[in-house]
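Structure at a glance
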Amino acid sequence: MRRPLLMRLGGRVLITLTAALSGAGCVTPGDLQGAAGAASGWLPSLGSAQASRTPTDDTADASLTPAERRLREQSRAFQKTVWEGALIGAGAGTLYGLLRRERAQDVVRDALIGGAVGGLAGVYIAHKQQQYSSKEDQLDSMIADVRKSNEETQSLIVSVRQVIAEDKRRLAAVEQQVRKGQASQAQLADTRRRLADNQRVVAQASSGAREKQTMFQGAERQFRQDHPGTDTARMQRELDTYNKNLKTLDSLAQNVSVA
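Definitions and limits used
Residues numbered from 1 in each chain as written. Predicted model: local features only at pLDDT ≥ 70, side-chain atom pairs only at ≥ 80, totals over all residues. Heavy atoms only, no water. Helix = DSSP H or I, 4+ residues; strand = E, 2+ residues; numbered from the N terminus. Buried < 20%, exposed > 50% of the residue type's maximum accessible area, 1.4 Å probe, protein only. Contact = heavy atoms within 4.5 Å. 1 Å grid on protein atoms, 1.4 Å probe; cavity = no way out; pocket = protein on both sides within 12 Å on 5 of 7 lines; lining within 4 Å. Points joined across faces, edges and corners; volume = space filled by probe spheres on them. Nonpolar A, V, L, I, M, F, W, Y, C, P; charged D, E, K, R; others polar. Core = buried A, V, L, I, M, F, W, Y, C linked by side-chain atoms within 4.5 Å. Salt bridge = Lys/Arg side-chain N within 4 Å of Asp/Glu carboxyl O. pLDDT = per-residue confidence, 0-100. Phe/Tyr/Trp six-rings, centres within 6.5 Å; stacked < 30°, edge-to-face > 60°.

1. Re the overall build of the protein
- Helix and strand counts for the protein come out as 11 helices and 0 strands.
- Going residue by residue from the N terminus, the α and β elements of the protein occur as α-α-α-α-α-α-α-α-α-α-α.
- The buried share of the protein, reckoned over its 259 residues, is 45%.
- Considering only contacts within the protein whose residues lie at least 6 apart along the sequence, 77% involve residues at least 24 apart.

Written as structure tokens, this is what we have:
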């Protein structure tokens, strides 16, 4: 069973921070800066290293249609290893500052209790705090991030529908050729494997997008808790739209496999 990302990939950082936070006060700024510095250099590479082994990296395959190639390119935006690696890498540099404000303890606790996505919501909020001084700008930036994910999802949905239509035509043609003796069972099996590959690409993107949504939702809840009375209705509307898009994507992911 795969362990939560922050424990599986970022275990060194969490162990260092947890030990520091629960110790008897023998913590120096140099120790904390060292942990954050090591994390910023170590964590970002994890996303790209793992993403290089995913089925969405075969865009150079000459047999892919333009729609299939576009599908794989667009799905990268939702690969969990990519966005988690980038986010943790961006957040790692803020850990020393968070500790000085006694916020890192919350981030570590959430990561250990809530798992990777729950912990990332805290890191995500912390990164926005580092980028923007006012809560209004922080919220606007989060809304923009969700809106961008919505746009990416909508574009992905268009590509998925195009690939489904292609897959249906391709499968029907090969099945007809098999019946006429113009194609072999091996060719039919190859066609079905191609459909399965497309389905895996969509399912992977759908799963990553769903976890990204969970992170955004956690960030929205935490932001309201941190800033009582702040109106987050615009972000909630974007999240509602995102959820509808993901339901569509989930449904299409099932259709790819039976095209």
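2. Re the layout of surface pockets
- In this structure, the largest pocket occupies an estimated 320 Å³ of space.
- Along the wall of the largest pocket there are 16 residues; nearest its centre are Trp83, Tyr124, Asp145, Lys212 and Phe216.
- When contributions to the lining of the largest pocket are tallied by element, the ones reaching two or more residues are α6 (80-92), α8 (104-131), α9 (135-179) and α10 (185-226).
- For the lining of the largest pocket, the class distribution of residues is 8 nonpolar, 3 polar and 5 charged.

3. Some details on the side chain of Lys212
- Following the sequence through the fold, Lys212 ends up in helix α10.
- Excluding anything up to four places from it in sequence, Lys212 contacts Ala77, Trp83, Ser149, Glu152 and Tyr242.

4. Topic: the nonpolar core
- Core analysis: the largest hydrophobic core is formed by 34 residues, its most contacted members being Met142, Val160 and Met215.
- Contributions of two or more residues to this core are made by α5 (66-75), α6, α8, α9, α10 and α11 (233-257).
- Val178, Ala183, Leu188 and Leu195 belong to the second-largest nonpolar core, a separate cluster that totals 6 residues.

5. Remarks on the pattern of salt bridges
- Under the counting rule described, the total for this entry stands at 12 salt bridges.
- Notably, a salt bridge pairs Arg170 with Glu68, separated by 3.9 Å at the nearest N-O pair. A residue pair is termed long-range when its members are at least 10 positions apart, and Arg170 in helix α9 and Glu68 in helix α5 qualify at 102 residues. Glu68 shares its class with Arg170; the two are buried.
- For Lys80, the salt bridge is made with Glu211, and the minimal N-O distance between the two is 3.5 Å.

6. Overview of the confidence of the model for the protein
- Of all residues in the protein, 64% attain a pLDDT of 70 or more, and the chain-wide mean is 75.
- Throughout residues 1-56 the model reports pLDDT below 50, and contacts reaching past four residues in sequence, or to other chains, amount to 83 contacts.
- Note that residues 110-115 has pLDDT below 50 and, in this model, 11 contacts with residues that lie over four places away or in other chains.

7. A closer look at the packing of aromatic side chains
- Evaluation of the coordinates by the stated rule reveals 2 aromatic pairs.
- Each ring, one from Tyr124 and one from Phe216, has its centre 5.7 Å from the other, and the planes form 70°; the classification is edge-to-face. Taken together, the residues span a long stretch of sequence, with Tyr124 in helix α8 and Phe216 in helix α10 at a distance of 92 residues.
- Ring centres 6.3 Å apart and planes at 55° place the aromatic pair Phe216 and Tyr242 in the tilted group. Within this pair, whereas Phe216 is found in helix α10, its partner Tyr242 is found in helix α11, the two being separated by 26 residues in sequence.
- Residue Phe216 is classed as buried on the basis of its relative accessible area of 2%.

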